[in-house]
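Residues per chain, in single letters:
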Amino acid sequence: MSGARTYLDWNAGAPLRPEARAAVMAALDVTGNPSSPHSEGRRARAIVEDAREQVAALVGARPAEVVFTSGATEANNAVVTGGWDTVLLARIEHDSVLAPVRGLEGNGRRRVLELAVDANGVLDLGSLDERTRQAREAGAGRSLLTLQLANNETGVVQPVAAAAAAARRQGLSVHTDAVQAAGRIPVSLAPLGVDYLSLSAHKLGGPKGVGALVVREGAALPPFIAGGGQERRRRAGTENVPAIAGFGAAARAAVRDLETVDRVRALRDRIEAEVRAATPSAVVIGVDAERLPNTASVTLPGASAETLVIALDLAGVAVSAGAACSSGKVGASHVLEAMGLEPALARAAIRVSLGWSSTERDVAAFAGAWAQVAARAAARHRERAVA
Ligand code: PMP
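Thresholds, definitions, all that
- Residues numbered from 1 in each chain as written.
- Predicted model: local features only at pLDDT ≥ 70, side-chain atom pairs only at ≥ 80, totals over all residues.
- Heavy atoms only, no water.
- 1 Å grid on protein atoms, 1.4 Å probe; cavity = no way out; pocket = protein on both sides within 12 Å on 5 of 7 lines; lining within 4 Å.
- Points joined across faces, edges and corners; volume = space filled by probe spheres on them.
- Helix = DSSP H or I, 4+ residues; strand = E, 2+ residues; numbered from the N terminus.
- Nonpolar A, V, L, I, M, F, W, Y, C, P; charged D, E, K, R; others polar.
- Buried < 20%, exposed > 50% of the residue type's maximum accessible area, 1.4 Å probe, protein only.
- Pairing = 2+ DSSP bridges.

Student: Looking at this structure, how should I read the layout of surface pockets?
Tutor: Gaps between atoms show up when a probe of the same size as a water molecule is rolled over them. Quantified by volume, the largest pocket comes out at close to 230 Å³. Contributing to the lining of the largest pocket are 19 residues, with A72, T73, H94, V179 and K203 lying nearest its centre. It is helix α3 (residues 72-80) that provides the largest number of residues to the lining of the largest pocket, a total of 3 residues. Residues belonging to the lining of the largest pocket are distributed by class as follows: 5 nonpolar, 12 polar and 2 charged.

Student: How do you make sense of the pairing of strand β7 (residues 196-200) when you look at a structure like this?
Tutor: For a regular strand, side chains alternate in direction, first toward one face of the sheet and then toward the other. Burial analysis of β7 places 5 of its 5 residues in the buried class, the great majority of the element. The alternating pattern of β7 places Y196, S198 and S200 on one face and L197 and L199 on the opposite face, and all of these are buried. In terms of strand pairing, strand β6 (residues 173-177) meets β7 through 3 bridges, oriented parallel. Its bridge partner being in β7, D177 is matched across the sheet by S198.

Student: So what exactly am I meant to see when it comes to the pairing of strand β2 (residues 66-69) here?
Tutor: Of the two faces of β2, the one carrying V66 and F68 and the one carrying V67 and T69 are both buried. Relative to strand β8 (residues 211-215), β2 runs antiparallel, the two being bridged by 4 bridges. Paired with F68 across the two strands is A212, which belongs to β8.

The following block contains the structure:
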């Protein structure tokens, strides 16, 4: 393996932006606790509040609406376990939404209603109407619709504004997991019409282990970590000042780079074109739907995603199979299953994802490695067919 690596797994984690690194390093040397009233404490507080402004600006929110968390997993858990009687969701959500909701189901008083998606994984708005009506007729109590803004595996974008409007007309609260969308497409709280929105710093070039839950002013949410009075009493604990500083710097840079996403889209489109040219039987998933500009989900009938990912890695290219953030897990993806993709196609799906520093060279390196790896997969497939 040569030393040069090609990193095409930005949806699992983006490289740290230089601005974020600088902000983290500077904040590490700040001594005070942000809750202390002395000068040192006020310096730390200023870093946190500056970052809060940057994160709020990324999603068109007010700084007071931003609650810093340890990441989007915590933010998603906090919302969906926030005392709802009924939760509506589709099976395309990230595990950090699905798993805590499944936990609620065990508790007899709570109801979970599943929404249908089409072959691209896009929410069926008719199914949402039907489920909200059912929920109301059954005396649903406090109800939440949770709908991701963009899928981490396919990049498919959901009609969150339309779904939120329909749900709110029926008295539901609405949450969106905007982790993969933020910094890649414009995201704005008010036009989306949601009450809660989750973000993760490391998907936009900030450090890992920090994120935010944006809570619309006036939306109710019980405190989710009890203790001191930090984060407006919602999330206690001394703030992770360096990580928050890095998140703020990454958010600012992501807003700036939104203007350059067309360049990333062109690279992604070339990757898909290279795949189609080298392997005409390959299928690009979700092409008929609106998608993030940086994500390609491709599948090669007869191959195995795990083998493709390992072979590409050996050829110097990092991509992922299914949802890579729950690493090690290589089974059929629940997202592709929910879309009704044939198991043979779902088993062979890999995700190639790019970002602001991706280059033509990355595309060329991927194309070269894909041609080699796919030829070997086809040979193995033929051998198996003959045997
Ligand atoms: N939601 C989505 C859509 C994600 O892709 C991820 C990360 N894979 C998460 C939530 C969890 O984010 P974090 O890593 O910050 O816990």
